[in-house]
Amino acid sequence: MEFADRKVFVVGGSRGIGAAIVRRFAAAGATVVFTYAASAGAADRLAAETGAQALQADAGARDELIAAVRDAGPIDIFVYNAGLLVLGDPLALDADEVDRMIDVNVRGAYFGSVEASRLMPEGGRILIIGSDTADSTPFPGLAAYVLTKAAMQGMARGLACDLGPRDITINVVQPGPTDTDMNPANGPRASGMLEPMAIKRYGTADEVASLTLYLAGTQARGITGAMHTIDGGFAA
Ligand code: NDP
């Protein structure tokens with residue numbers, strides 16, 4: 001099995017894309033630890049289903065996240081998937097909600113990745129789940145969210161230079177509309193999402209997980225500091 005003997009740590013793995021990533025790594029033989037913030041029931045069910053370990057740790061609370069990553073010991077593959085979507089007119093958005101999104105999407109991605117890299121062995125991998133909206137923003141109301149996802153791109157480029165000499169790669173997976181609780185394929189925004197897509201179908205969490213596993217595998221050892229969009233042509 002491709003990921004036997006690998007330790008995988010997924011930040012935000014209880015639902016949606018994160019849960020699909022947990023399932024795929026566990027099925028490929030990895031030892032998987034994942035965090036969650038609020039969904040204890042879903043986390044417990046996923047842990048029972050996959051044999052992964054579930055840990056409650058708020059990715060938006062810097063010291064809590066750093067402690068969870070540090071306590072896991074050496075991590076071969078670190079996936080930062082936790083994300084919030086705060087959407088709407090920037091003049092009306094609640095500033096505390098925007099700050100919270102920045103804490104979870106940006107600060108957590110940075111401090112979690114840096115901490116994971118501390119003990120990461122050669123050949124390690126860091127995968128960040130960004131968004132195709134960092135490249136193309138066709139709707140109003142996305143500015144704050146896109147700010148967070150664009151920040152991930154700069155972070156990945158910078159850390160690629162810092163970690164490359166240790167043979168550690170870092171890449172951003174950028175999904176487009178993907179059927180999860182955050183963006184349901186039957187939700188009120190769905191028809192607007194499909195409109196700019198070349199392939200007029202919501203992606204699945206498992207498709208995003210497949211790309212993530214490819215980038216974590218040995219065939220991808222030369223790919224770093226790069227963005228990998230999987231969005232049915234949404235941002236094309
Ligand atoms: P969901 O809302 O369905 O799931 C989010 C996951 O992140 C949950 O497991 C949640 O756990 C976890 N999470 C959220 N906040 C925290 C936190 N503070 N600490 C720890 N875990 C947390 O989202 P998706 O699966 O749709 O999204 C996953 C990622 O993909 C996000 O980064 C999102 O921005 C990105 N993305 C999604 C797209 C889509 O169309 N679905 C499109 C483009 C990007 P809990 O419930 O326990 O809080």
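The rules we used
Residues numbered from 1 in each chain as written. Predicted model: local features only at pLDDT ≥ 70, side-chain atom pairs only at ≥ 80, totals over all residues. Heavy atoms only, no water. Near = heavy atom within 4 Å. Polar contact = N/O pair within 3.5 Å; in protein donor to acceptor, adjacent residues only side chain to side chain. Areas by Shrake-Rupley, 256 points an atom, 1.4 Å probe, with all protein chains shown as cover. Salt bridge = Lys/Arg side-chain N within 4 Å of Asp/Glu carboxyl O. Helix = DSSP H or I, 4+ residues; strand = E, 2+ residues; numbered from the N terminus. Buried < 20%, exposed > 50% of the residue type's maximum accessible area, 1.4 Å probe, protein only. Arc of directions from axis to C-beta. Contact = heavy atoms within 4.5 Å. 1 Å grid on protein atoms, 1.4 Å probe; cavity = no way out; pocket = protein on both sides within 12 Å on 5 of 7 lines; lining within 4 Å. Points joined across faces, edges and corners; volume = space filled by probe spheres on them. Nonpolar A, V, L, I, M, F, W, Y, C, P; charged D, E, K, R; others polar.

Caption draft 1: Quick look at the site of the ligand. Around the ligand there are 32 residues in total, and Ser14, Ala38, Ser39, Tyr145 and Thr180 lie nearest to it. A distance of 2.9 Å separates an oxygen atom of the ligand from a polar backbone atom of asparagine 81. Take threonine 180: an N or O atom from its side chain is 2.5 Å from an oxygen atom of the ligand. Against a free-state accessible area of 890 Å², the protein chains account for coverage of 95% of the ligand.

Caption draft 2: Quick peek at the pattern of salt bridges. With the rule as written, the count across this model stands at nine salt bridges. Here aspartate 206 ties to arginine 24 by a salt bridge, and the two come within 3.0 Å at their closest N and O atoms. Taken together, the residues span a long stretch of sequence, with aspartate 206 in helix α7 (residues 205-216) and arginine 24 in helix α1 (residues 16-27) at a distance of 182 residues. Accessibility expressed as a relative area gives 28% for arginine 24, which makes it partly exposed. Between arginine 100 and aspartate 58 there is a salt bridge whose closest N-O contact spans 3.1 Å. Placement of the pair is arginine 100 in helix α4 (residues 95-118) and aspartate 58 in the loop between β3 (53-56) and α3 (62-71), with a sequence separation of 42 residues.

Caption draft 3: Here's a closer look at helix α2 (residues 40-50). Looking only at α2, the buried set comprises Ala42, Ala43, Leu46, Ala47 and Thr50. For α2, the angular spread of buried residues about the axis comes to 135°, placing them on one side. Projecting away from the buried face of α2 at angles above 90 degrees are the exposed residues Arg45, Ala48 and Glu49. In the core, the buried residues of α2 are packed alongside α1, β2 (31-36) and β3. In the stretch just after α2, glycine 51 is the one whose phi turns positive, near 85°.

Caption draft 4: Representation of unusual backbone geometry within the structure. Residue aspartate 5 is not a glycine yet carries a positive backbone phi of 70°. Take aspartate 5: it is sitting in the segment before β1 (7-11). Although it is not a glycine, aspartate 167 adopts a positive phi angle of roughly 60°. Examined against the element boundaries, aspartate 167 turns out to sit in the loop between α5 (143-163) and β6 (169-175). Taking relative accessible area as the criterion, aspartate 167 reaches 38% and is therefore assigned partly exposed.

Caption draft 5: Region of interest: the layout of surface pockets. Taken as a whole, the largest pocket holds about 940 Å³ of empty space. In this structure, the largest pocket is lined by 46 residues; those nearest its centre are Asn81, Ala82, Gly83, Leu84 and Met182. Looking at the lining of the largest pocket, the elements with two or more residues in it are α1, β2, α4 and α5. Across the lining of the largest pocket, the residue classes break down as 22 nonpolar, 17 polar and seven charged.

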